[in-house]
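Each chain, letter by letter, is given below.
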Amino acid sequence: MTVGRDTLIDLWTRMVRIRRFEDRVATVAANNEADGFLHTYSGQEAVACGVLPPLRDEDWFTSTYRNHGHAIARNIPLDGLAGEVYGKANGVCRGKGGSMHVADQDYGMIGGMGIVAGGLPIATGVAYGYKYLGKDNVSAAFFGDGAVHQGAWHESLDFAALFECPVIFVCENNLYAESTYIEYHLNAESISAMAAPYGIPAVQVDGMDVLAVRDAMEEAIDRGRSGGGPSLIEAMTYRYGGQYEGDNQLYKPAKEEAWWREQDPLLRFRATVEGIIDSAELDAIDEQAAADVAAAFDIAIAAPWPDVSELTTDVYAPIA
Ligand SMILES: Cc1ncc(C[n+]2csc(CCOP(=O)(O)OP(=O)(O)O)c2C)c(N)n1
Ligand SMILES: [Mg+2]
């Protein structure tokens, strides 16, 4: 294995922090504790944790409304994220983003997007900027399988390829766009195949295997930094929750769900590191993650609501 023990521990830590955070979000939703829709990331942890750690802190990325996992994989503090789930003043956007629009420029996360495919043009523009300024940074854009039907998706790939922008398009193909199964919404043989007409190198990877995602990401990063332009990664994954918390998920066949539960990225990781990391050590990290999540939610619950005087703060750019 080319990845060292410390990196493996780090990847596990990020993945279990996501899972435990989303376990708690599911409870928050079930108890109707927060306003608005909550979209959990459980099942997709290996994608965020394969994609984000190999980036540099200064490499910016865009996200979707299913963005808690991306924020946690980027080490955005859990209390600030929990605050955003409730819309509290301690949130990373001071409560104005909400669960769907988590953004923290200090962490290079330039936003979760409620608009499907909304992040691709932005990440492409960022990459164009890096190239224009002669920087060797890369940007990344997460999107779901449902995003490929948006014009903005095609415009972004076309522009990025034409101008050789160092952007990495990361598809989290979880087989569903809301309740619509991929075979009902996609005619192409795969999403990675859709990059070919634009001349963009693309791979389809096992999105339940964090190391497979990481390998694909490292290759894409090398391409972007060395002037090779954009790349696309299609990570095959599955969301264990609904489109949103409270979705009854009647559209998911039980057998399909059971198969993907066997591919749980946490279980797959445990199998991969067997003999390298003791399972008691992994359990202890998981328990610590649950404790950290509980403490973060305590902080968020105790935090005040944003003051009305802040209504327009950080909403409009100041005019110089
Ligand atoms: C432009 C736009 N059209 C429609 C919607 C409504 N909508 C919200 S989520 C969703 C499905 C997206 O599925 P996918 O991209 O696969 O992401 P996933 O939820 O599976 O992560 C749709 C159509 C939207 N948010 N934005
Ligand atoms: Mg989807």
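Please read all numbers here as calculations on a predicted model, not as lab measurements. Within every chain, residues take consecutive numbers counted from 1 along the sequence as written. Chain labels run from A onward and ligand labels from 1 onward, assigned in the order the entries are written. Reporting in this predicted model follows two pLDDT cut-offs: at least 70 for local features of residues, and 80 or more for side-chain atom pairs to be given and counted; totals over whole chains, interfaces and linings ignore these cut-offs and use all residues. Side-chain numbers here rest on the full set of heavy atoms in the structure, without hydrogens or water.

## Remarks on the packing of helix H1 (residues 5-30) against helix H10 (residues 265-272)
For helices, the fitted line uses only the C-alpha atoms of the stretch in contact; every axis is such a line through C-alpha atoms, and the angle between N-to-C directions lies from 0 to 180 degrees. What counts as a helix is a DSSP run of H or I of at least four residues, what counts as a strand is a run of E of at least two, and both are numbered from the N terminus. Two elements in contact, H1 and H10, have axes whose closest approach is 11 Å; the angle formed by their N-to-C orientations is 160 degrees. Classed by the angle they form, the pair H1 and H10 counts as roughly antiparallel. Considering how the two elements wind past one another, H1 and H10 form a crossing that is left-handed. From H1, Leu8, Leu11, Trp12, Met15, Val16, Arg19 and Arg20 reach across to H10, where they touch Pro265, Leu266, Phe269 and Arg270. By definition in this entry, angles of less than 35 degrees are roughly parallel, angles greater than 145 are roughly antiparallel, angles of 65 to 115 are roughly perpendicular, and the rest are oblique. By the definition used in this description, the sense in which the near helix is turned from the far one sets the handedness, with an anticlockwise turn below a right angle giving left-handed and a clockwise turn giving right-handed. Contacts are assigned to residue pairs with any non-hydrogen atoms lying within 4.5 Å of each other.

## What about the site of ligand 1?
Here, proximity means that at least one heavy atom of the residue falls within 4 Å of the molecule or strand. Near ligand 1 there are 15 residues, and of these Tyr65, Arg66, Gly114, Gly146 and Asn174 occur at the shortest range. Glutamine 243 is positioned such that a nitrogen or oxygen atom in its side chain is 3.0 Å from an oxygen atom of ligand 1. The method behind every accessible area is Shrake-Rupley, applied with a 1.4 Å probe, and residues are considered shielded solely by the protein chains displayed. Alone, ligand 1 offers 590 Å² of accessible surface; in the complex the protein occludes 73% of this. Amino acids outside the nonpolar list (Ala, Val, Leu, Ile, Met, Phe, Trp, Tyr, Cys, Pro) and the charged list (Asp, Glu, Lys, Arg) are all regarded as polar, and Gly is one of them. A class-by-class count of the residues in the shell around ligand 1 yields six nonpolar, six polar and three charged. Here a polar contact is taken to be a pair of N or O atoms separated by no more than 3.5 Å, where protein atoms must pair a possible hydrogen donor with a possible acceptor and residues adjacent in sequence count only if both atoms sit in side chains.

## Comments concerning a nonpolar patch on the surface
Each patch is built from residues lacking any salt bridge and having more than 30% relative accessible area; the joining distance is 9 Å for like charges and 5 Å for nonpolar side chains (Val, Leu, Ile, Met, Phe, Trp, Tyr). Think of a salt bridge as a Lys or Arg side-chain nitrogen and an Asp or Glu carboxyl oxygen that are within 4 Å of each other. A cluster of nonpolar residues, Tyr128, Tyr132, Leu133, Phe159, Leu162 and Phe163, forms a patch on the protein surface that exposes about 670 Å² of accessible area. Elements with a contribution of two residues or more to the nonpolar patch: helix H5 (119-132) and helix H6 (151-162). Tracing the backbone shows leucine 162 in helix H6. Only protein chains enter the calculation, and the probe is 1.4 Å; a residue is then buried if its accessible area is under 20% of its type maximum, exposed if over 50%, and partly exposed in between. Judged by its relative accessible area of 62%, leucine 162 falls in the exposed class.

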